[in-house]
Amino acid sequence: MPAVPVVLSAERHREAAEVFGGAYLVGPVTDRMWSRSAATYKGSTVHAVLEDDDSIGAVARAFDVTLAVPGGCVPAAGVSSVGVRADRRRRGHLRSLMTAQLEHLRAAGAVAATLRATEATIYERFGYGVASSYGTLTVDRARARLRAGAAPERALRLVNPTAALQLLPQVHDRLVRSRPGAISRPTWWWTNQVARMLDKDEPLWVLCTEDGDGEVDGWVVYTATHTDTASGEHRAQVSVIDLVGATPEVELALWQAAMAIDLAETVVAQGRPLDDGLPLALVDPRAARLSAVEDETWLRLLDVPTALSARTYGSADAVVLGVDDQLVPGNSGRYRVGPDGAERTEAAVEVEIGVSELASVYLGGTRFAALATAGRVRGDAPALRRADLLFAADRAPWSGTYF
Ligand SMILES: CC(C)(COP(=O)(O)OP(=O)(O)OC[C@H]1O[C@@H](n2cnc3c(N)ncnc32)[C@H](O)[C@@H]1OP(=O)(O)O)[C@@H](O)C(=O)NCCC(=O)NCCS
């Protein structure tokens, strides 16, 4: 019988980080590393499985975020630092951690949990499903030119990284609210991101856009690697680390700014949304290529009735979903979802769906029809079509925040 996980006190957080680091093969936590990570742990709830000798066998961390959903937002948890000691694996530690964490988060009022998975075969059994994906955009600067009028005129301001650390957190959470899947960024997230870059001694630039009132409404954070030619010509690859705009138009203005960086041959941005506006806005759409598409948000709906009521829906006749949640039976049941919202019902089920598949369709990133083709939801074609129209979102879901 695996031990029941406990919530660790702050005195044992460094030990927890050590267990997680070992599981991740990143080695002993040095004082320098801990000076960066302590705040991350302090801002989190850390669950641990304790062994008979009181040592830590496994850990999982969770922190509060706000998750944007179509038409609104919900209180949610970011789940991270999940690791089991090498000598304690495959004996149910992860299962007991996930179960305890899920109960804890539900009791604390989180409507959903979101994580980034190291492997795609671990979390579905706990009710998580892929709710957003991202990819790498590689722009060939010599070919890339925006179509006339594609990007709005925007004033640009170069901000030094230390000042950006004060400025950007103040506006980020407000700017990203209209993108389903976006999450608020905890203070420690900003400090860690910038600290990691500074630790690597990489150059870092922050270029902000301003609205008509001089307020920052977007930014591109980038670094550069030098790729000088054999004859000594100065060349570089610009790597975009963060590109966030209040609207898709502002994001295009930021792309325009990134593509205007002299000496850059290519501009590479990892982790971009699948509907990034750049390729469609280029005169030569092949000048920007999207590659390495993979799962980003693994989402777990902790409180299905509240989650379904929290988002808005498209126009179509209502559909009745029969939801199955093995781990949280209270989530199971029938829900009528229509343009006016969602509520429990006794009506006949039209589409049968598991809770992890419901997480995949919840932000609008996966279609019911596609899951039905894969045998993962059941319903007749007209009911699936209505469900797809209702759950469709204006923008592809994307978090843009790795943790
Ligand atoms: C992945 C990891 C957390 C699993 O922990 P564990 O305690 O060995 O897992 P459990 O014994 O509780 O297994 C729970 C279930 O997950 C499955 N499972 C465990 N590790 C798995 C893996 N790497 N891939 C696929 N399935 C896995 C088990 O087979 C078991 O399945 P079941 O419920 O159908 O019987 C652990 O191996 C680890 O720490 N790995 C390195 C760090 C890591 O990858 N962490 C994940 C962070 S996103």
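All values reported here derive from a predicted model rather than from experimental measurement.

A.B. asks: Tell me what's going on with the overall build of the protein chain, and back it up with residues and numbers.
C.D. replies: Broken down by element type, the protein chain carries eleven helices and 17 strands. Taken over the C-alpha atoms alone, the protein chain extends approximately 65 × 60 × 40 Å along its principal axes. Evaluated residue by residue, the protein chain yields a buried proportion of 50% over its 403 residues. Here the analysis covers contacts within the protein chain between residues at least 6 apart in sequence; of these, 72% occur between residues at least 24 apart. When the accessible surface of the protein chain is totalled, it reaches about 18,800 Å², and 50% of it is carbon and sulfur. The average position of the 42 basic charges and that of the 50 acidic charges among the side chains of the protein chain differ by 2 Å.

A.B. asks: Which residues make up the layout of surface pockets, and what values go with them?
C.D. replies: Considering only enclosed or pocket space, the second largest pocket measures out at about 250 Å³ in volume. Taken together, 16 residues line the second largest pocket, and the ones lying closest to its centre are V130, A131, S133, S360 and T366. Per-element tally for the lining of the second largest pocket: the top contributor is strand β6 (residues 129-140), with five residues. Among the residues forming the lining of the second largest pocket, the class breakdown is eight nonpolar, six polar and two charged.

A.B. asks: Let's hear about the environment of G57: which residues, and what values?
C.D. replies: Structurally, G57 is set in strand β3 (residues 56-69). Residue classification places G57 among the buried residues on the basis of a relative accessible area of 0%. C-alpha of G57 to C-alpha of G232: the two residues are 175 residues apart in sequence and 54 Å apart in space. Beyond its immediate chain neighbours, meaning those up to four positions away, G57 contacts V19, V49, E51, V84, R85, R88 and H93.

A.B. asks: Explain the side chain of T401 to me, and be specific about the residues and the numbers.
C.D. replies: Note on placement: T401 falls in the segment after α11 (381-391). On the accessibility criterion, T401 (1% relative accessible area) is buried. A distance of 2.9 Å separates the side chain of T401 from the side chain of R185, its partner in a polar contact. In this structure, T401 is in contact with R116, H172, I183, R185, W189 and E296, ignoring residues within four places of it in sequence.

A.B. asks: Talk me through helix α1 (residues 13-23); I want residue IDs and the actual numbers.
C.D. replies: All buried positions along α1 are accounted for by H13, A16, A17, V19, F20 and G21. Contact partners of the buried residues in α1: α2 (31-42), β2 (45-50), β3 and β4 (72-84). Count one or two residues on from α1 and you reach L25, which has phi positive near 60 degrees.

A.B. asks: Could you give me a rundown of the domain arrangement of the protein chain, with the residues and numbers involved?
C.D. replies: Split by domain assignment, the protein chain resolves into domain 1 (6-115), domain 2 (134-295) and domain 3 (303-391). Just the C-alpha atoms count here: the centres of domain 2 and domain 3 sit 35 Å apart.

A.B. asks: Before we move on, can you summarise the site of the ligand with the specific residues and values?
C.D. replies: Taken together, 19 residues surround the ligand, and among them V82, V84, R90, G92 and R95 come closest. Between a nitrogen atom of the ligand and a main-chain N or O atom of V82, the distance comes to 3.0 Å. A distance of 3.5 Å separates an oxygen atom of the ligand from a polar backbone atom of H93. Protein contacts shield 77% of the accessible area of the ligand, which totals 900 Å² for the unbound molecule. Those elements that provide at least two residues to the shell around the ligand are β4 and α3 (93-107). Of the residues assigned to the shell around the ligand, the class counts are seven nonpolar, five polar and seven charged.

A.B. asks: Quick one: what's the story with the pairing of strand β13 (residues 319-324), residue by residue and with numbers?
C.D. replies: A large share of β13 lies buried, amounting to five of its six residues. As paired elements, β13 and strand β14 (residues 333-338) share five bridges and run antiparallel to each other. Directly across from V319, in β14, lies its bridge partner V337. One ladder, built from four bridges, connects β13 with strand β16 (residues 351-354); its direction is parallel. Of the residues in β16, the one forming a bridge with D324 is G354.

Rules used in this analysis
- Residues numbered from 1 in each chain as written.
- Predicted model: local features only at pLDDT ≥ 70, side-chain atom pairs only at ≥ 80, totals over all residues.
- Heavy atoms only, no water.
- Helix = DSSP H or I, 4+ residues; strand = E, 2+ residues; numbered from the N terminus.
- Buried < 20%, exposed > 50% of the residue type's maximum accessible area, 1.4 Å probe, protein only.
- Contact = heavy atoms within 4.5 Å.
- Areas by Shrake-Rupley, 256 points an atom, 1.4 Å probe, with all protein chains shown as cover.
- Lys, Arg positive; Asp, Glu negative; His and termini not counted.
- Charge placed at Lys NZ, Arg CZ, Asp CG, Glu CD.
- 1 Å grid on protein atoms, 1.4 Å probe; cavity = no way out; pocket = protein on both sides within 12 Å on 5 of 7 lines; lining within 4 Å.
- Points joined across faces, edges and corners; volume = space filled by probe spheres on them.
- Nonpolar A, V, L, I, M, F, W, Y, C, P; charged D, E, K, R; others polar.
- Polar contact = N/O pair within 3.5 Å; in protein donor to acceptor, adjacent residues only side chain to side chain.
- Domains from an automatic or database assignment.
- Near = heavy atom within 4 Å.
- Pairing = 2+ DSSP bridges.

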